[in-house]
Amino acid sequence: MNSRRTMGRSFRSLVENDLDIMPLMNLFVALIPMLLISAVFLNVTVIDMDSPPEGLSDNQDAGADKPLHLAVTIRDDFFVIEGNRLKKLVIDRHEEDPETALAAALGSVVASHPDNRDVMIISESQTRYTDIIAVMDITRAAGLPSVSLLGAN
Amino acid sequence: MARRRRKKSGHGRQPSPLPLTSMMDILTVLLLFLLKSFVVEGEVITPVPGVDLPESSSETKPRASVVVAIFDQTVMLDGRMVAQVEPNDHVSGMLIEGLAEKLDQTRAKELEIARLRGEEAEYVPRIAIQGDLEIPFELLERVMYTCNQSGFRDISLAVIGAS
């Protein structure tokens, strides 16, 4: 009888003891700084660049079998869309929402030339990088994923 | 009286355990969040401090590549400054000497590693350019030209993607 009571008390005292979470705490304290250092809070992606197409210099005589060589030129005041068999289109950057106008113009070019996937972006020497990326986004959204960069000079 | 006071603050009292349950809850949630962000697909490009990357709608994941960072007039290769480019400096042509030299060394090293692994045929010199959003095209063009001259023809531009 006595021994049973002793056993019951020792069991109760065993159960009532707090869980020893200090080793777990130590593990967490070591893991969290390590993971914080290697954590990715910014989603960095890339835009793949292509080389400009060959034979750009002899695109003056635009024959029916000539490649389109679609180009978007970023000037300080204008966006210019041009290419073989295309009527030159100028979009004023001071107008309201020139990006939408550029997207619409590129959309119509893509609709009339569905095989073409390439576009050249021609920039002036002082064109800001962020403007170039913005135009790249517009061309990609319009269905021209293959982009190459060229200097205007 | 004195004995009673001693008894109250004395050694006989059992110290109450520190309540750690709430802290453990926070740590567990934090650990799960960090583990989730740790397990990402593909290569990870860490933005170089000082470079403000432009935002873009691109969702293409980066691949393993050499990283060139450009901000103000500074050009860095894999975290080390390799050249300082003065604006409108066309005396030396389009090539950036310091960058070209380091790129040639990097390419030779990578090619040697690929050869030792027996992957020489599959080796493609790749470069990711981290440009600050305010840099002029002139500087980007010179960096791209230099990369091209050093054999890095697979060029990609690092941006902050849509989250």
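See the structure above.
Residues numbered from 1 in each chain as written. Chains lettered and ligands numbered in written order. Predicted model: local features only at pLDDT ≥ 70, side-chain atom pairs only at ≥ 80, totals over all residues. Heavy atoms only, no water.

A.B. asks: Before we go on, may I ask you to explain the pairing of strand S2 (residues 71–74) of chain A in this structure?
C.D. replies: In the case of a regular strand, side chains alternate between the two sheet surfaces. Residues and elements named next belong to chain A. Side chains Ala71 and Thr73 project from S2 onto one buried face, and the interleaved Val72 and Ile74 project onto a second face that is buried too. The sheet contact formed by S2 and strand S3 (residues 78–82) spans four bridges and is antiparallel. For Thr73, the partnering residue across the bridge sits in S3 and is Val80. The turn linking S2 back onto S3 is made up of three residues. Two elements, S2 and strand S5 (residues 118–123), share four bridges in a ladder whose sense is parallel. Bridging across to S5, Thr73 finds its partner in Ile122. (Buried < 20%, exposed > 50% of the residue type's maximum accessible area, 1.4 Å probe, protein only. Helix = DSSP H or I, 4+ residues; strand = E, 2+ residues; numbered from the N terminus. Pairing = 2+ DSSP bridges.)

A.B. asks: I keep staring at the environment of Asp72 of chain B and nothing clicks. Help me out?
C.D. replies: All names here are of chain B. Within the secondary structure, Asp72 sits in the loop between strand S1 (66–71) and strand S2 (74–77). Classification of Asp72 as exposed rests on a relative accessible area of 58%. For Asp72 and Val51, which are 21 residues apart along the polypeptide, the C-alpha to C-alpha distance reads 8.9 Å. Non-local contacts of Asp72, meaning those with residues more than four positions away in its chain, are made with Ile135 and Leu139. (Contact = heavy atoms within 4.5 Å.)

A.B. asks: It is not clear to me how the pattern of salt bridges should be interpreted in this structure. Could you clarify?
C.D. replies: Should the charged atoms of two oppositely charged side chains come close, the side chains can pair. Under the definition given, this model contains nine salt bridges over all chains. Across the salt bridge formed by Arg63 of chain B and Asp48 of chain A, the nearest N and O atoms sit 3.2 Å from each other. Residue Arg63 of chain B is located in the loop between helix H2 (21–38) and S1, and its partner Asp48 of chain A is located in strand S1 (residues 44–48); the two belong to separate chains. As a salt-bridge pair, Glu134 of chain B and Arg128 of chain A come within 2.8 Å of each other at their nearest N and O atoms. Of this pair, Glu134 of chain B sits in the loop between strand S4 (126–131) and helix H4 (137–149) while Arg128 of chain A sits in the loop between S5 and helix H4 (129–141), placing the two residues on different chains. Arg128 of chain A sits in the partly exposed class, given a relative accessible area of 33%. (Salt bridge = Lys/Arg side-chain N within 4 Å of Asp/Glu carboxyl O.)

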